[in-house]
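# Remarks on the overall topology
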Amino acid sequence: MDLRKYIRDIPDFPQKGILFRDLTPLMGDKDAFNYTVKEIADHFRTFHVDKVAAIEARGFIFGAPIAKELGAGFVPIRKPGKLPYEVVRKEFQLEYGMSILELHKDAFKKGERVLMIDDLLATGGTALAASELVESLGAEIVGWGFVVILKNLKGEEKIGKYHIFSLVNFD
Ligand code: PRP
Ligand code: HPA
C-alpha cells in the first residue's frame, strides 16, 4: 500500500522554513491506518515485546494499537507535568525548540523488552531522550518503529545502536 498518498505537506508549519509532514489523512483513512498499525506490529511480532512505549502526543496514536496487536502492555512517555506519580525526566533539543520528556519511575521491571514507537523521526532528539529514559529504568529496547523517517535530518545516526523500522522515508 502506498502510504505517501495519505501524507500531506504543509510548508512553514509550525514555523517558517519547516516543511511539516502531516499524517492526519493517514490516521483518518481506515485502510491506511489499519495497514500502518499492522505492518509495524508484524515487523516486531517475533521480537518478544513485553511493552510498547510511545511518545506524546502523536506517538500514542500508533503506539497503543500496536501494543494491542502484539498483546503487549503500553507505557506513555509524556510532556512535563502530565504524569501523576514519580518520574524520571530528560531535557533535549527539538527541530523547532527545546522540550522535556517524563516517564514514570516504575514503568518497567528490569530486563523488560520494550518496543519504542513514534509517528515520525526527524532530528532524533526525541527518540534519543526517550531511549535514555527507558534504559535508565533497566529495561531493554528491542527496536524503534516509526511511520515516517525524514532522512535528511539524520535522526537515525542518534539512535543508530537500535534496530529501526519505518514504512515511509522522505529525503
Ligand atoms: C514530533 C514527532 C516526534 C518528534 C520528532 O513531536 O511526533 O515525537 O517531533 O522530532 P525529532 O526527531 O527532531 O526529535 P512533537 O514534539 O511535535 O509533539 P506532538 O507529538 O505532541 O505534536
Ligand atoms: N512532520 C511532522 N512531525 C514533525 C516534523 C514534520 O515534518 N518534524 C518534526 N516533527
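Bear in mind the structure is a predicted one, so any value in this text is a computation, not a measurement. (Residues numbered from 1 in each chain as written. Chains lettered and ligands numbered in written order. Predicted model: local features only at pLDDT ≥ 70, side-chain atom pairs only at ≥ 80, totals over all residues. Heavy atoms only, no water.)

## Things to note about the packing of aromatic side chains
The condition is simple: Pairing of aromatic side chains requires ring centres within 6.5 Å, counting the rings of Phe and Tyr and the six-membered ring of Trp. Pairs whose planes differ by under 30 degrees are stacked, by over 60 edge-to-face, and all others tilted. Only protein chains enter the accessibility calculation, which uses a 1.4 Å probe; a residue is then buried when its area is under 20% of its type maximum, exposed when over 50%, and partly exposed in between. Put simply, a charge is over a ring when the Lys NZ or the Arg CZ is close to the ring centre, within 6 Å, and near the line of the ring normal, within 35 degrees.
Per the stated rule, a full pass over the model turns up 6 aromatic pairs. Look at Trp144 and Phe146: their rings are 5.1 Å apart centre to centre, the planes differ by 0°, and that puts the pair in the stacked class. Among the residues examined, Trp144 registers a relative accessible area of 0% and is labelled buried. By relative accessible area, Phe146 is classed as buried at 1%. Three or more aromatic residues link up through ring pairs in this structure, and these residues are Phe44, Phe47 and Phe165. Here the basic side chain of Arg21 rests over the ring of Phe170, its NZ or CZ set 3.8 Å away from the ring centre.

## Side note on the packing of helix 2 (residues 30-44) against helix 3 (residues 58-70)
Applied cut-off: Convention adopted: a line fitted to C-alpha atoms gives each axis, helices being fitted over their contacting stretch, and angles between N-to-C directions are expressed from 0 to 180 degrees. Secondary structure elements are defined from DSSP: runs of H or I of at least 4 residues count as helices, runs of E of at least 2 residues count as strands, and each element is numbered from the N terminus. Each angle is binned into one of four classes, with values under 35 degrees roughly parallel, values over 145 roughly antiparallel, values of 65 to 115 roughly perpendicular, and all other values oblique. The crossing is said to be left-handed when, going from far helix to near helix, the turn is anticlockwise and less than a right angle, and right-handed when the turn is clockwise. The criterion used for residue contact is that any of the two residues' heavy atoms lie within 4.5 Å. When residues are sorted by character, Ala, Val, Leu, Ile, Met, Phe, Trp, Tyr, Cys and Pro go into the nonpolar class, Asp, Glu, Lys and Arg into the charged class, and all the rest, Gly among them, into the polar class.
At a minimum axis separation of 9 Å, helix 2 and helix 3 run at an interaxial angle of 55°. Accordingly, the angle class assigned to the pair helix 2 and helix 3 is oblique. Crossing of helix 2 against helix 3: the hand is right-handed. Residues Phe33, Thr36, Val37, Lys38, Ile40, Ala41 and Phe44 of helix 2 pack against Ile61, Phe62, Pro65, Ile66, Glu69 and Leu70 of helix 3. Residue classes in the contact of helix 2 with helix 3 are distributed as 10 nonpolar, 1 polar and 2 charged.

## Observations concerning the environment of Lys90
For clarity, the cut-off: A 3.5 Å cut-off defines polar contacts: any pair of N or O atoms within that distance qualifies, except that in protein one atom must be a possible hydrogen donor and the other a possible acceptor, and neighbouring residues in sequence count only when both atoms are side-chain atoms.
By the secondary structure assignment, Lys90 is in strand 5 (residues 87-94). Considered as a pair, Lys90 and Pro80 are 10 residues apart in the sequence and their alpha carbons are 9.5 Å apart. In this structure Lys90 touches Ser99, Ile100, Leu101, Ala129, Glu132 and Leu133, once residues within four positions along its chain are discounted. Here Glu132 takes part through its side chain, which lies 2.9 Å from a polar atom of the side chain of Lys90.

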